[in-house]
Every structure is written in C-alpha cells, then in structure tokens.
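Here's the letter readout for the chains.
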Amino acid sequence: MTQPQQSASAQTLRALTPTQVAALPIDALARSVVLDMTRSGRATVSLKRWASGIRQAYRGHPQALRAISESVAWLRHHMALVDDLGVGLEGDWITLSRHGAQWLHGGTPGAP
C-alpha cells in the first residue's frame, strides 16, 4: 500500500471511539480503516492479523465492529482494497489498489 497523506478530517481507526466508529458515514469510516491498515507503512497487510487487532480494540462494541466490517466490504466492492496474489494465501493478504490510492488522496467519496 502506498503511504497515504492523512487529511485533517480523516483519523486512523484506532483513534476513534466505538460511538464515533458506529456513527461515521461509510466512506469516512473506510478512509479511517485504510489509514489504520497502512499506519505501519507496509505495502501489504494480512487481513486476518489486522482484524484480530481490531476485534481486540473494539471488544464489547458490536455496532462498531459491524460498521468496520461493512467498511471493509465497501472498500473491496469499490476495488479500493484487493487481494495481493503475490504474498501468502489468496484472500488473506490485501493491498490498496491504484484506484484506491487515488480515492484516498482526494477522489470522490463513494467512487473509489
């Protein structure tokens, strides 16, 4: 994944409270999810490991976890996150697509 520039309106996911996560519009939450996934600067992320950390961070907050799940599905549907077939098993390793990087750096919400 390319290292995104954090906009003033977007925060990494773990900086948000469960109430904020559950209340964010899907595109804003999706940006926060991508910022969280890319915080280490790695090009590829294990979805399984990342999700494990998120489940721990938001344990006991099912509405927040559901919203995060929906945002990951939204990112995949809009092809902002794609499987990285060059690493590990298909479906576990994901990367920010070129289209997703354009969206993250100022593309139109709802249209990554």
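Just so we're clear, the structure is a prediction, and the values are computed from it rather than from any experiment.

What is the right way to read the pattern of salt bridges from this model?
Oppositely charged side chains may form a pair once their charged atoms are brought near each other. Throughout the structure, instances matching the rule amount to three salt bridges. Aspartate 36 is the salt-bridge partner of arginine 39, the closest N and O atoms lying 3.6 Å from each other. Classification of aspartate 36 as buried rests on a relative accessible area of 0%. For the salt bridge of arginine 76 with aspartate 83, the shortest nitrogen-to-oxygen distance reads 3.1 Å.

Would you explain helix α2 (residues 26–37) in this entry?
Each full turn of the α-helix corresponds to 3.6 residues, which orients residues three or four apart in the same direction. The end-to-end C-alpha distance of α2, which contains twelve residues, comes to 16 Å, matching closely the 16 Å that a straight helix rising 1.5 Å per residue would cover. Counting buried positions over the twelve residues of α2 gives ten, a clear majority of the element. Of the positions making up α2, those classed as buried are Asp27, Leu29, Ala30, Arg31, Ser32, Val33, Val34, Leu35, Asp36 and Met37.

Whenever I open this one, the nonpolar core confuses me. Can you help?
Generally speaking, soluble globular proteins have nonpolar side chains that are buried together. With 27 residues, the main nonpolar core has Leu13, Val21, Val33, Met37, Trp50 and Leu75 as its most contacted residues. Every element with two or more residues in this core is listed here: α2, α3 (47–57), α4 (62–77), β3 (93–96) and α5 (98–104). Tallying contributions element by element places α4 first for this core, with six residues. The residues touching leucine 13, leaving out its near neighbours within four places in the chain, are Val21, Leu29, Ser32, Val33, Asp36, Trp50, Ile54, Tyr58 and Ile68.

Conventions used here
- Residues numbered from 1 in each chain as written.
- Predicted model: local features only at pLDDT ≥ 70, side-chain atom pairs only at ≥ 80, totals over all residues.
- Heavy atoms only, no water.
- Salt bridge = Lys/Arg side-chain N within 4 Å of Asp/Glu carboxyl O.
- Buried < 20%, exposed > 50% of the residue type's maximum accessible area, 1.4 Å probe, protein only.
- Helix = DSSP H or I, 4+ residues; strand = E, 2+ residues; numbered from the N terminus.
- Expected span 1.5 Å × (residues − 1).
- Core = buried A, V, L, I, M, F, W, Y, C linked by side-chain atoms within 4.5 Å.
- Contact = heavy atoms within 4.5 Å.

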